[in-house]
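# Summary of structural features
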Amino acid sequence: MNPRDLDARARENQTKYVQTRINHVEKHFALMCQEFAAYTRKTARLRDKGDELSKSIIAYADSEAPSTKTGLTGFAEKLSSVQDYRQAQVDRLEYKVVQPLTLYGTTCKHKRDDLKAAFAARNKEVNQQKKLEKVRQKNPGDRQQISQAESQLQKATVDATRSNKALEDEMDAFERKRLQDLKSIFTEFMKVEMLFHSRVLEVYTEAWHSLNSISDEDDLEEFRNSLRPLHGTTSTSHLNRHNSKTSLNSTDNSRVAVPYSSSKSSSRHDTQLQDFEDDDDDEDEDEEEESDEDEDDR
């Protein structure tokens, strides 16, 4: 194999390697871009859910005792502040991570165009080589035609070499920039995450203090005080009924008739009538017992 063929084979292998490299970068950068974009969308949805949770907690806190209401309201406000930091996180992820990865789709397309130009120059060189061999086989004595074919082959070889060198330089710059961008993108991702979590840790600490400011005993006492009026009313009712029975019993013992009052309620009137009937029955029984005792004495 002559040196020209060796150079052609080397350039062919080089262009194939470049093509494989471009396809590899385009594929995996596109996948990372999709995953980072999905991560950003999930974070945005988590932000929305956090806002809804904060609103629900505030709505519930309005019906609680003062200490619990203050603590839950403070906790909900801090939780809402976390969502503000999460919004900043979403914006930074979109700007610092997703967009740079998106640009690599266009970058890889341009590099593929450069690769096509290199392939075209190489194919032209191969075709000129075949043409020269064909001329030599058909017209080995036609020096003019052979010289013209050799000149065209030489020109195609120079163009292929120049195109290949340009592709090599372009791919070297592309690889350098790819490595720098890869390092920069992931570094920015870590900065965004670390900044978010450091700020949020402070807010969560304040939220923790808000929850611990809730006084269980004070709110329990407030709950008990809310129950006391009901118990007081019930005790008063029982006391009134007890006093009424005591009064009726004293009336029975003194045998004093209680007049009917038309100003009483119907229920209370029926109760009194029943009590009077019971009193009359008791008096009749007492009189019968006294009569029996008198007869026994006689």
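All figures in this text were calculated on a predicted structure; none of them were measured in a lab.

### Considerations on the nonpolar core
- Core analysis: the biggest nonpolar cluster contains 22 residues, and Val97 and Leu101 have the highest contact counts within it.
- Looking at this core, the elements that each hand over two or more residues are helix 1 (3-61), helix 2 (66-138) and helix 3 (143-212).
- At nine residues, the largest contribution of residues to this core is made by helix 2.

### What to know about a positive patch on the surface
- Together, Arg92, Lys96, Lys191 and Arg199 make up a region of like positive charge exposed at the surface.
- At the level of secondary structure, the elements contributing two or more residues to the positive patch comprise helix 2 and helix 3.
- Tracing the chain through its elements places Arg199 in helix 3.
- Overall, Arg199 belongs to the partly exposed group, its relative accessible area being 37%.

### Brief notes about the confidence of the model for the protein
- The predicted model of the protein has a mean per-residue pLDDT of 78, with 74% of residues at 70 or higher.
- Within the protein, helix 5 (residues 266-297) has the poorest average pLDDT of any element, 49, and helix 1 the best, 89.
- Contacts from residues 232-237, a stretch scored under 50 in pLDDT, to residues over four places away or in other chains number zero contacts.
- With pLDDT under 50 throughout, residues 251-277 is counted as low confidence; its partners more than four residues away or in other chains account for ten contacts.

### So, the packing of helix 2 against helix 3
- In contact at an axis separation of 8 Å, helix 2 and helix 3 are set at 170 degrees when each is read in the N-to-C sense. Relative to helix 3, the element helix 2 is oriented roughly antiparallel.
- Of the residues belonging to the contact of helix 2 with helix 3, the class tally is 34 nonpolar, twelve polar and 21 charged.

### Things to note about empty space enclosed by the protein
- In the structure shown here, the tally under the stated rule is one cavity of 30 Å³ or more.
- By volume, the largest cavity amounts to about 40 Å³.
- Lining the largest cavity are Arg11, Thr15, Ala118, Ala121, Arg122, Ala160 and Asn164.
- Of all the elements in the fold, those that place two or more residues in the lining of the largest cavity are helix 1, helix 2 and helix 3.
- Tallied by class, the residues present in the lining of the largest cavity amount to three nonpolar, two polar and two charged.

### Comments concerning helix 2
- In this model, helix 2 (73 residues) spans 106 Å end to end at C-alpha, consistent with the 108 Å of a helix rising 1.5 Å per residue.
- Considering bend angle alone, the principal kink of helix 2 is centred on Val98 and spans about 35 degrees; proline Pro100 follows within four residues of it.

### Quick look at the packing of aromatic side chains
- Throughout the structure, instances matching the rule amount to five aromatic pairs.
- Taking the centre distance of 5.7 Å and the plane angle of 70 degrees together, the rings of Tyr39 and Phe189 count as edge-to-face. With Tyr39 in helix 1 and Phe189 in helix 3, this residue pair connects regions lying 150 residues apart in the sequence.
- Three or more aromatic residues joined by ring pairs make a cluster, and in this case those are Phe36, Tyr39, Phe186 and Phe189.

### Quick notes on a nonpolar patch on the surface
- There is a patch of nonpolar side chains on the surface, built from Leu220, Phe223 and Leu227 and spanning about 250 Å² of accessible area.
- Examined against the element boundaries, Leu220 turns out to sit in helix 4 (residues 216-254).
- For Leu220, a relative accessible area of 32% corresponds to the partly exposed category.

### Comments concerning the side chain of Glu193
- Following the sequence through the fold, Glu193 ends up in helix 3.
- The contacts of Glu193, once residues within four sequence positions are left out, are Tyr39, Gln89 and Leu93.

### As for the pattern of salt bridges
- Across all of its chains, the model carries nine salt bridges by this definition.
- Between Glu175 and Arg21 there is a salt bridge, with its nearest N and O atoms 2.9 Å apart. Separated by 154 residues along the polypeptide, Glu175 in helix 3 and Arg21 in helix 1 bring together distant segments of the chain.
- Between Glu175 and Arg178 there is a salt bridge, with the nearest N and O atoms lying 2.4 Å from each other. Placement of both Glu175 and Arg178 in helix 3 is noted, with a separation of three residues, approximately one turn of the helix.
- Relative accessible area serves as the criterion here: at 8%, Arg178 is assigned to the buried category.
- Here the salt bridges do not stand alone but share partners, grouping Arg21, Glu175 and Arg178 into one network.

Procedures and definitions
Counting restarts for each chain, with residues numbered from 1 along the sequence as it is written. With pLDDT at 70 or above as the cut-off, local features in this predicted model cover only qualifying residues; side-chain atom pairs require 80 or more to be listed or tallied, and sums for whole chains, interfaces and linings still use all residues. The basis for every side-chain value is the complete set of heavy atoms in the structure, and neither hydrogens nor water enter the calculation. As used here, the term nonpolar core means buried Ala, Val, Leu, Ile, Met, Phe, Trp, Tyr and Cys residues forming a set that is joined through side-chain atoms within 4.5 Å. Using a 1.4 Å probe on the protein chains alone, a residue whose accessible area is under 20% of its type maximum counts as buried, one over 50% counts as exposed, and one in between counts as partly exposed. Each helix is a run of DSSP H or I of at least 4 residues and each strand a run of E of at least 2, with the numbering of both proceeding from the N terminus. Patch members must show over 30% relative accessible area and no salt bridge, and they are joined within 9 Å when carrying like charges or within 5 Å when they are nonpolar side chains of Val, Leu, Ile, Met, Phe, Trp or Tyr. The Shrake-Rupley method, run with a 1.4 Å probe, gives the accessible areas here. Residue values count only the displayed protein chains as cover. Between Lys or Arg on one side and Asp or Glu on the other, a salt bridge is scored when a side-chain nitrogen of the former is within 4 Å of a carboxyl oxygen of the latter. When charges are counted, Lys and Arg contribute as positive and Asp and Glu as negative, whereas His and the chain ends are disregarded. Where a charge sits is defined by one atom per residue type, namely NZ (Lys), CZ (Arg), CG (Asp) or CD (Glu). The score called pLDDT rates the predictor's confidence residue by residue, from a low of 0 to a high of 100. Any pair of residues with heavy atoms lying within 4.5 Å of one another is described as a contacting pair. Working convention: axes come from line fits to C-alpha atoms, limited for helices to the stretch in contact. Angles between N-to-C directions cover 0 to 180 degrees. An angle below 35 degrees is read as roughly parallel, one above 145 as roughly antiparallel, one from 65 to 115 as roughly perpendicular, and any other as oblique. For this classification, Asp, Glu, Lys and Arg are treated as charged, while Ala, Val, Leu, Ile, Met, Phe, Trp, Tyr, Cys and Pro are nonpolar and the rest, including Gly, are polar. Using protein atoms alone on a 1 Å grid, points that fit a 1.4 Å probe yet trap it form a cavity, whereas open point sets bounded by protein on both sides within 12 Å along at least five of seven lines form a pocket; residues with an atom within 4 Å of a point count as lining. Grid points are joined across faces, edges and corners, and a volume is the space filled by probe spheres set on the points. The span one expects for a helix is its residue count, reduced by one, times 1.5 Å. One axis is fitted to the seven residues ending at the residue and one to the seven starting there. The bend at that residue is the angle between these axes. Aromatic pairs are defined between Phe, Tyr and Trp rings, using the six-membered ring for Trp, whenever the two ring centres lie within 6.5 Å; interplanar angles under 30 degrees are classed as stacked, those over 60 as edge-to-face, and all others as tilted.

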